[in-house]
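Architecture and fold: a report
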Amino acid sequence: MSKPKALLVTGGAGFIGSHTVRHLSEAGESIAVLDNLSAGHRGAILSDAIELYTADLDDGAALDTIFLKHDVEAVIHFAAHCYVGESVSEPVKYYRNNLAAPLALLDAMRAAGCRQFIFSSTCATYGDPVAMPMDESHPQQPINPYGWSKLMLERVLADCGRAWGLRSVCLRYFNACGSAPDGAIGEDHDPETHLIPNALRAALGTGPALTVFGDDYPTPDGTCIRDYIHVADLATAHAKALDYLRGGGASDAFNLGTGEGVSVRQIIDLAEQVSGKPVPHAIGPRRPGDPPELICAPGKAKRVLGWEAQYKDVRDSIQHTWDWMTGPHGGRYGE
């Protein structure tokens, strides 16, 4: 009897990966997760039916075991380092993990005859904006090693497509945020660099006062504007990308965002409304390389994948994050 088709999700115990794994598992998919748990959490894998392989991405023996045991139809690749500032001070770490390590995965895929790949990429591949909102035709000129490591892997995937028929979808996220609406899983990073959880931790008193990096930008309230996309919407986008590849779709890239911008000041105001508490904060200097505004043009994903963000009001993302932080988990997995 043939083995059932399976999905391999790398980094599936991390923030976006775990939400995607849950979404796909609840849709009936057979899933294997590869995660070294350096940033992910075993507790984020909710189903006992999902086999977790605790190993590095370039562990050839682990990859051989997975592809031998499971009939892997497609790989969904999340595993990566993702701190922009750290990438500037530790570039080799980022190129080794985000670019070199996936090459072992691609070799294993080719050997096993697996030809479908969904890549967790980023709008950081675009660099400084030259047009707003940003669509997929925007020039790709990253300004940090994190963005370059993601863009380089996009190019590797394109080359593999030409060389041995790999079909890939690159999903370029804008600002991922939120937690599962039912509070079962959420965001647990250490260190935490995302604005929403840091604002809410400041309100709770479980984190330091928030630093607002600049209030003199050419925006309505002087603070940076970003496009915040709910993690649940990112999970459904990966499912749509899988359907697209299963339907014979050609390799392509898609921006994922709401198409709407929200300022840092607005996030603080909403965090105070949701929490019912003040958000202690201070104004600091601008961070080098922070553009005033980054807003996604998500029309291509709607046209081609049939995907559109459902949580367009960032207040929902803030509320879900607050529920996660104040629920039974206290915003932490404890492992």
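Residues numbered from 1 in each chain as written. Predicted model: local features only at pLDDT ≥ 70, side-chain atom pairs only at ≥ 80, totals over all residues. Heavy atoms only, no water.

In this section: the packing of aromatic side chains. Summed over the entire model, instances satisfying the criterion amount to 2 aromatic pairs. Ring plane angle 85 degrees and centroid distance 6.0 Å describe the contact between tyrosine 244 and phenylalanine 254, whose orientation is recorded as edge-to-face. Of this pair, tyrosine 244 sits in helix α7 (residues 231-246) while phenylalanine 254 sits in strand β11 (residues 252-256); the two residues are 10 residues apart in sequence, bridging distant segments of the chain. Note on accessibility: tyrosine 244 and phenylalanine 254 belong to one class, buried. Considering the side-chain rings of tryptophan 324 and tyrosine 333, the 5.1 Å spacing of their centres and the 50 degrees angle between planes classify their relative orientation as tilted. (Phe/Tyr/Trp six-rings, centres within 6.5 Å; stacked < 30°, edge-to-face > 60°. Helix = DSSP H or I, 4+ residues; strand = E, 2+ residues; numbered from the N terminus. Buried < 20%, exposed > 50% of the residue type's maximum accessible area, 1.4 Å probe, protein only.)

A word on the side chain of glutamate 73. Along the chain, the position of glutamate 73 falls in strand β4 (residues 71-77). Excluding residues that lie within four positions of it along the chain, glutamate 73 makes contacts with Lys5, Ala6, Leu7, Cys114, Gln116 and Arg246. (Contact = heavy atoms within 4.5 Å.)

Moving on: the sheet that holds strand β9 (residues 225-226). Strands belonging to one sheet form pairs held by backbone hydrogen bonds; the direction of such a pair is parallel or antiparallel. With mixed pairing, the 3 strands of this open sheet are ordered in space as β12-β9-β14. This sheet does not close on itself; its edge strands, each paired only once, are β12 (262-263) and β14 (293-294). (Pairing = 2+ DSSP bridges.)

This part is about unusual backbone geometry. Following methionine 132, the chain continues to proline 133 via a peptide bond in cis, the omega torsion being 0 degrees. With respect to the helices, strands and loops of the structure, proline 133 is situated in the loop between β5 (116-122) and α5 (145-164). Residue proline 191 is reached from aspartate 190 by a cis peptide bond, and omega for that bond is 5 degrees. On the secondary structure map, proline 191 appears in the loop between β7 (175-177) and α6 (195-204). Unlike most non-glycine residues, leucine 37 shows phi in positive territory, near 65 degrees. In this structure, leucine 37 sits in the loop between β2 (31-34) and β3 (51-53).

All right, on to the pattern of salt bridges then. Proximity of charged atoms lets side chains of opposite charge pair with each other. Summed over the entire model, instances satisfying the criterion amount to 16 salt bridges. One salt bridge connects glutamate 73 with arginine 246, and the closest N-O pair in it is separated by 2.9 Å. Residue glutamate 73 is found in strand β4, and its partner arginine 246 is found in helix α7; the two are separated by 173 residues along the sequence. A relative accessible area of 18% means that glutamate 73 is categorised as buried. One salt bridge in this structure joins aspartate 290 and arginine 287, with 2.9 Å as the shortest N-O distance. You can call arginine 287 partly exposed: its relative accessible area is 42%. Via salt bridges that share partners, Arg22, Glu26 and Asp182 belong to a single interconnected network. (Salt bridge = Lys/Arg side-chain N within 4 Å of Asp/Glu carboxyl O.)

This brings us to the pairing of β11. A large share of β11 lies buried, amounting to 4 of its 5 residues. Note: strand β6 (residues 167-173) against β11, 5 bridges, orientation parallel. In the strand pairing of β11, tyrosine 173 is matched with leucine 256.

This next bit is on the nonpolar core. Judged by nonpolar contacts, the single largest core of 35 residues is most densely connected at Ile16, Ile31, Val33, Leu171, Leu256 and Trp307. If you list the elements that add at least two residues to this core, you get β1 (5-10), α1 (15-26), β2, β4, β6, α7, β11 and α9 (299-305). If we ignore the near neighbours within four places in the chain, the residues touching tryptophan 307 are Ile229, Asp233, Thr236, Ala237, Lys240, Leu256, Gly257, Pro298, Ala301 and Lys302. Among the nonpolar cores identified, the runner-up in size contains 29 residues, and Cys177, Ala199, Cys224 and Leu270 belong to it. (Core = buried A, V, L, I, M, F, W, Y, C linked by side-chain atoms within 4.5 Å.)

Right, let's get into α1. Between its first and last C-alpha, α1 extends 17 Å over 12 residues, near the 16 Å set by a 1.5 Å rise per residue. By the criterion of burial, α1 is predominantly enclosed, with 9 of the 12 residues buried. Looking only at α1, the buried set comprises Phe15, Ile16, Gly17, Ser18, His19, Thr20, Val21, Arg22 and Leu24. Looking at the buried side of α1, the elements it contacts are β1, β2, β4, β6, β7 and α7. A positive backbone phi angle near 95 degrees is found at glycine 28, which sits one or two residues after α1. (Expected span 1.5 Å × (residues − 1).)

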